[in-house]
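Spelled out, the chains give:
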Amino acid sequence: MQLISDRIYRLRENENLEEAARAVLKHLGELKRPYLTAVEEKLLSVLESEIKD
């Protein structure tokens, strides 16, 4: 669960984050389970690949 939180936090730190991406990350960060579904993992992976530090 900490790994997921770290991934989300790193992305949310980006100043150029679009509102839609921010909304997805907010939702993922509010999940109360220690895993992501396949779709949630794909969404997070896409954001990671698109958002450059």
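One structure accompanies this document, and this report is about it. Everything numeric here is computed off the predicted structure, so don't read it as measured data.

### Here we look at the packing of helix α1 (residues 2-12) against helix α3 (residues 38-50)
Here's step 1: Put simply, α1 and α3 touch, their axes get as near as 11 Å, and they point 40° apart. Put simply, α1 runs oblique to α3. As α1 runs across α3, the sense of the crossing is left-handed. In this structure, α1 uses Arg 7, Ile 8 and Leu 11 to contact α3, whose residues at the interface are Glu 41, Leu 44, Ser 45, Leu 47 and Glu 48.
Here's step 2: Looking at the contact of α1 with α3 residue by residue, the class counts come to four nonpolar, one polar and three charged.

### Details of the pattern of salt bridges
Here's step 1: Considering all chains together, one arrives at four salt bridges under this definition.
Here's step 2: In this structure, Glu 48 engages Arg 7 in a salt bridge whose closest nitrogen and oxygen atoms are separated by 2.8 Å. Placement of Glu 48 in helix α3 and of Arg 7 in helix α1 is noted, with a sequence separation of 41 residues between them.
Here's step 3: Here Arg 33 makes a salt bridge to Glu 40, at a shortest N to O gap of 2.9 Å.
Here's step 4: Using a relative accessible area of 10% as the deciding quantity, one classes Glu 40 as buried.
Here's step 5: Bridged by salt links that share partners, the residues Arg 7, Glu 41 and Glu 48 form one connected network.

### Some details on α1
Here's step 1: Every buried residue of α1 is accounted for by Ile 4, Arg 7, Ile 8 and Leu 11. Around the axis of α1, the buried residues are gathered within 95° of arc, so they sit on the same side. Across from the buried face of α1, at angles greater than 90 degrees, the exposed residues are Gln 2 and Tyr 9.

### Focus: the side chain of Arg 7
Here's step 1: Judged by relative accessible area, which is 12%, Arg 7 ranks as buried.
Here's step 2: Side chain to side chain, Arg 7 and Glu 41 meet in a polar contact 2.9 Å long.

### Describing the nonpolar core
Here's step 1: Ile 4, Ile 8, Leu 11, Leu 17, Ala 21, Leu 25, Leu 28, Leu 31, Leu 36, Leu 44, Leu 47 and Ile 51 form the largest nonpolar core, which has 12 residues in total.
Here's step 2: Every element with two or more residues in this core is listed here: α1, α2 (19-29) and α3.
Here's step 3: Discounting chain neighbours no more than four positions away, the residues touching Leu 11 are Leu 17, Leu 25, Leu 44, Leu 47, Glu 48 and Ile 51.

Here is what the cut-offs are and how they apply
The residue count restarts for each chain, going from 1 along the sequence in the order it is written. Since the coordinates come from a predicted model, pLDDT governs what is reported: local features require at least 70, and pairs of side-chain atoms require 80 or more to be given and counted, while whole-chain, interface and lining totals use all residues. Think of the side-chain values as coming from all heavy atoms in the structure, minus any hydrogens and water. Comment: axis = line fitted to C-alpha atoms, over the contacting stretch for helices; angle = value between 0 and 180 degrees taken between N-to-C directions. Helical segments are the DSSP runs of H or I of at least four residues, strand segments are the runs of E of at least two, and each set is numbered from the N terminus. Just so you know how the angles are binned, under 35 degrees is roughly parallel, over 145 roughly antiparallel, 65 to 115 roughly perpendicular, and the rest oblique. Should the near helix be turned anticlockwise from the far one by less than a right angle, the crossing is termed left-handed; should it be turned clockwise, right-handed. Contacts were defined at the residue level, with two residues in contact if any of their heavy atoms lie within 4.5 Å. Residues are grouped as follows: Ala, Val, Leu, Ile, Met, Phe, Trp, Tyr, Cys and Pro are nonpolar; Asp, Glu, Lys and Arg are charged; every other residue, Gly included, is polar. By convention in these notes, a salt bridge is any Lys or Arg side-chain nitrogen within 4 Å of a carboxyl oxygen on Asp or Glu. A simple rule labels every residue: compare its accessible area, found with a 1.4 Å probe on the protein chains alone, to the largest value its type can have, and call it buried under 20%, exposed over 50%, or partly exposed in between. This arc is taken over the directions from the axis of the helix to the C-beta atoms. In protein, a polar contact means a hydrogen-donor-capable atom and an acceptor-capable atom, both N or O and within 3.5 Å, with residues adjacent in sequence counting only if both atoms are side-chain atoms; elsewhere, any N or O pair within 3.5 Å suffices. Among buried residues, the Ala, Val, Leu, Ile, Met, Phe, Trp, Tyr and Cys ones that are joined through side-chain atoms within 4.5 Å form a nonpolar core.

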